[in-house]
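Residue-level listing of the chains:
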Amino acid sequence: MDIKTKKRHIPALALVFAFASMLQACAGGSGDDKGASSPPASSAAPSSASASASAAPSESAAPSELAPYEVSIVYFGKPQPDDALVEAKLNEFFKEKINATVKLQPIASSDYKNRTELMMNTGEKMDLVFTASWLNFFGNVSKGAFVELDDLLAKYGQGIKDRLNPLYLEAPRMKGKLYAIPTNKEITQGKALTYRKDIVDKYQIPIDSINTMADLEPWMAKVKAGEPGIIPYYVAGGSGNFGGGFMMYETRGNYRPIGPAPAKTPMFLLDYKSSDEMKVKSVLDPEIVDINKQEVGLFRSFYEKGYINADAATSTTTVNDLQKEGKIWVQAATWKPGADIEMKLATDSKYDYVSHVVEEPIVTTDLAAGSMFAISRTSKDPDRAMMVLNYLHTDPYVINLFVNGIEDKHYKKVGENRIEPVADSGYNPGTSWVVGNQLLNYLKPGQPDDLYTSWEKFNNEAKRFPLMGFVFDEANVKNEITQMTAVVTEYQSIFTGAVKNPEKLLDERNAKLKSAGIEKVQAELQKQIDAWRAENKK
Amino acid sequence: MQARWKLFWKYRYLTLMIVPALAVLVLNNYLPMFGVFIAFKNINYIDGIWRSPWVGFDNFEFLFTSGSIWRIARNTVSYSLVFMIVNLLLSVAIAVAINEIRSRWLAKTYQTFLIMPYFLSMVVVSYLVYGFLNPEKGFLNHTVVEWLGMERVFWYSETAYWPYILTIVSAWKGVGIGAVIYIAAIAGIDPEYYEAAVIDGASKWRQIFHITLPTIRPVIIIITILNMGHVFNSDFGLFYQVPMNSGPLYPVTDTVDTYVYRALKELNDIGMSSAAALVQSVLGFALVLLTNASVRKIDKDQALF
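Predicted model only: the values in this text are computed from it and were never measured. (Residues numbered from 1 in each chain as written. Chains lettered and ligands numbered in written order. Predicted model: local features only at pLDDT ≥ 70, side-chain atom pairs only at ≥ 80, totals over all residues. Heavy atoms only, no water.)

**Some words on the environment of Gly-35 of chain B**
All names here are of chain B. Where we set the bar: Strands here mean DSSP runs of E at least two residues long; helices mean DSSP runs of H or I at least four residues long; both are numbered from the N terminus. Three exposure classes are used, based on accessible area relative to the maximum for each residue type with a 1.4 Å probe and protein chains only: buried under 20%, partly exposed in between, and exposed over 50%.
Relative to the helices and strands, Gly-35 resides in the loop between α3 (19-30) and α4 (48-51). Given the relative accessible area of 26%, Gly-35 is considered partly exposed. Residues Gly-35 and Thr-255, spaced 220 residues apart in sequence, show a C-alpha to C-alpha distance of 23 Å.

Encoded structure:
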């Protein structure tokens, strides 16, 4: 009986497989069809009203020679109620100049990486795409997401080239080829301890002599005693941005992170002032282990004394939200000229801030590639995308329309380069640092007149990291990095102070990193650095 | 053959009625299966999924060479089994209890309240749990822990409590909906059995153990076999959101799904993620076959296939 039933199952199984392969054939067919049929869909029929009569002089071809084209712009920003109005205004401009229209596709920050990578995976049509070192730009380049830009920039991006600090264009390169155009703003950031000014004045805190977390301790004690509502030192260990031990390497030596940093936690460090052969140290190096242990021990003692918030391991509340409530008196922050005013504006102008820079700003590949636009390989007209980008970098009208909205509707002009935003106007995307040339943005209340000249000076004087331009290619060590990421995320909270015995856990973590293959990654990193230096004669 | 065709023709309308369900099954469950080949490819955007290079089993390496494989496999399987048993016992108990309630109105009300948690998103649940467990302001630290005169507990860094917390949350959320099936099964029992039992003087307990439970046994077995297929999968929300993704808890909260998510979220490598999902599915499939085979050994009529 049993044998019989089994036999009867065989044809049934065969049928399932036959059906399966049939479906596979179907799926294959439709896949190919898609590939073939999508291009016509996007190349719109030639319109009769192709060009307006005015032949505005432009750096590119005359509008009448260009077929109409819609340039989609995918960027990092919260969708606004008045996006459509701004888009219509932008279209008026681009229609006249280069017979193009634009399609604004803002994506909110929390979704941005996932959604854009999904779009890349499915091959959706995009033209200009916001990207950055912290959005896996180099990984996406190696997967072929973007087109090369050297020729396009030379042909249609002359205005960009004239205005950008040349250092900028050294960063977004892979194997020597350019894949993105950085947004023109401050090229690097220092790191600072930023204080609420009223507290500093009240307790007479000598901020210029506080250079490490340990220096802060006596003042934490004073603030804790005198200001019951304030958290002496706030740690958001549950947020995705928490990499652990902010600035510990920088304040305890000249180490700077290089290479892969899984879950934003540096794994490899380089003493950028040392004259030896650019030898990378990993977190397993005794000297680095020592720094790590001092730091986690210090944070643990802060936690035990009640200086750090009790929910430090899991808290996801942003510092900004707590600043608005007046609960923060000091925090580690990035610094550039005007940072204190920016922080005041970002937190409802409730308090004034003062900073003391504790980490010298130097230009690394990652920082110079911190905000950029690339052209997607799915673009049907990369030339036109570059032309649009060129206008965003050179034309004050267009870039201000993009970031500030429409005059008299979204902002009032109060000086030649100065505006007053209209409250609740329906357009406040906060994209100044995202798009085009920030140095052409109108100034907002509180920003000093010389803000942009001070940025230019800052950019020109910024010191370059010896490995500026170097990019690590992780293709050969993908498995190791995956495992290291898993280990790092497990032990991240030892840097918050909220866990017992952090020193012991650190040893445990390092042992696991070792078995995850950190040494293999280090060897690969060193090999690539040596090869890069030989090639670039550095 | 002739006879079969006749049979088919006779029931043609009934057969036709399964077409929509079959179509959904094919579209949702079978069509996506062709994606399995992605697990053996190194996908890049230019070549797309069809022309990207084959890499054999490279994508599977990260799962099996990692030192964590033992831990995540143990957590996944043991939690699944514990949840399965606990939820099964509680669901059946609730179904039986609700069945014994005389007032239909009350029975319906209880049932609705029990099902409610099932519809809450895990993110919401995680904050409900956080309300209980927050070290500073949490409910537990301010009540029970205080009454017992204990020092406040840092719940999110103490592994000892989490196997219980997760089991409680899973049961709280899943038991109500699980009971629905058994309530339906019990409703289908012929009342004559009970009438006969009452005449014979059987107590309520005897009725439950000798009529209700034996009658719904086939349903319990089918549900259990089907659940076996998910033993290598875990409820991502439960294991990721509810412990607030707290690192010190990973020894007891890390499962295959959360591990894969953590390890791969920055790399965005669909080949490696597919590989992990394929391993889970293959193991789950093997378990279903195994369970079915053992049920078959014990009682052939109860086996699913």
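More follows now that the structure is in view.
**With respect to the domain arrangement of chain A**
Residues and elements named next belong to chain A. Definition in use: Domain ranges listed in this record stem from an automatic or a database domain assignment. When checking whether two residues touch, look at their non-hydrogen atoms; a contact exists if any pair is within 4.5 Å. Buried area: the accessible surface (1.4 Å probe) lost by two parts on joining, summed over both. Salt bridge criterion: a side-chain nitrogen from Lys or Arg within 4 Å of a carboxyl oxygen from Asp or Glu. Under the rule applied, a polar contact is a pair of N or O atoms within 3.5 Å (in protein, one hydrogen donor and one hydrogen acceptor; residues adjacent in sequence only if both atoms are side-chain atoms).
The domains assigned to chain A are domain 1 (63-186 + 367-458) and domain 2 (191-365 + 466-536). Summarising the inter-unit geometry, the C-alpha centres of domain 1 and domain 2 are found 30 Å apart. Facing the 19 residues of domain 1 at the interface are 16 residues of domain 2. Summed over both partners, the interface of domain 1 with domain 2 buries about 1,400 Å², with 68% contributed by carbon and sulfur atoms. At the boundary of domain 1 and domain 2, one finds one salt bridge. In this structure, Glu-186 and Lys-336 form a salt bridge, with 3.4 Å as the shortest nitrogen-oxygen distance. One can count seven residue pairs in polar contact (both at pLDDT 80 or more) joining domain 1 with domain 2. Looking at the side of domain 1 that touches domain 2, the elements that each hand over two or more residues are β4 (173-174), α13 (365-368) and α16 (451-461).

**Focus: the interface of chain A and chain B**
Selection rule: Throughout this entry, Asp, Glu, Lys and Arg are counted as charged residues, while Ala, Val, Leu, Ile, Met, Phe, Trp, Tyr, Cys and Pro are counted as nonpolar. The remaining residues, Gly among them, count as polar.
Each partner contributes to the interface: chain A provides 41 residues, whereas chain B provides 44 residues. Counting the surface lost from both chain A and chain B, the interface buries some 3,600 Å², and carbon and sulfur atoms represent 53% of this. For the chain A face of the interface with chain B, the top three residues by lost area are Lys-143, Thr-314 and Glu-490 of chain A, together amounting to 18%. Here chain A is connected to chain B by three salt bridges. Of the charged contacts in the structure, one is a salt bridge between Lys-500 of chain A and Glu-158 of chain B, with a shortest N-O distance of 3.4 Å. Along the contact surface separating chain A from chain B lie 13 residue pairs in polar contact (both at pLDDT 80 or more). When residues of the side of chain A that touches chain B are traced back to their parent elements, those giving at least two are α1 (2-42), α3 (109-122) and α17 (478-491) of chain A. Considering only residue class, the side of chain A that touches chain B consists of 14 nonpolar, 15 polar and twelve charged.

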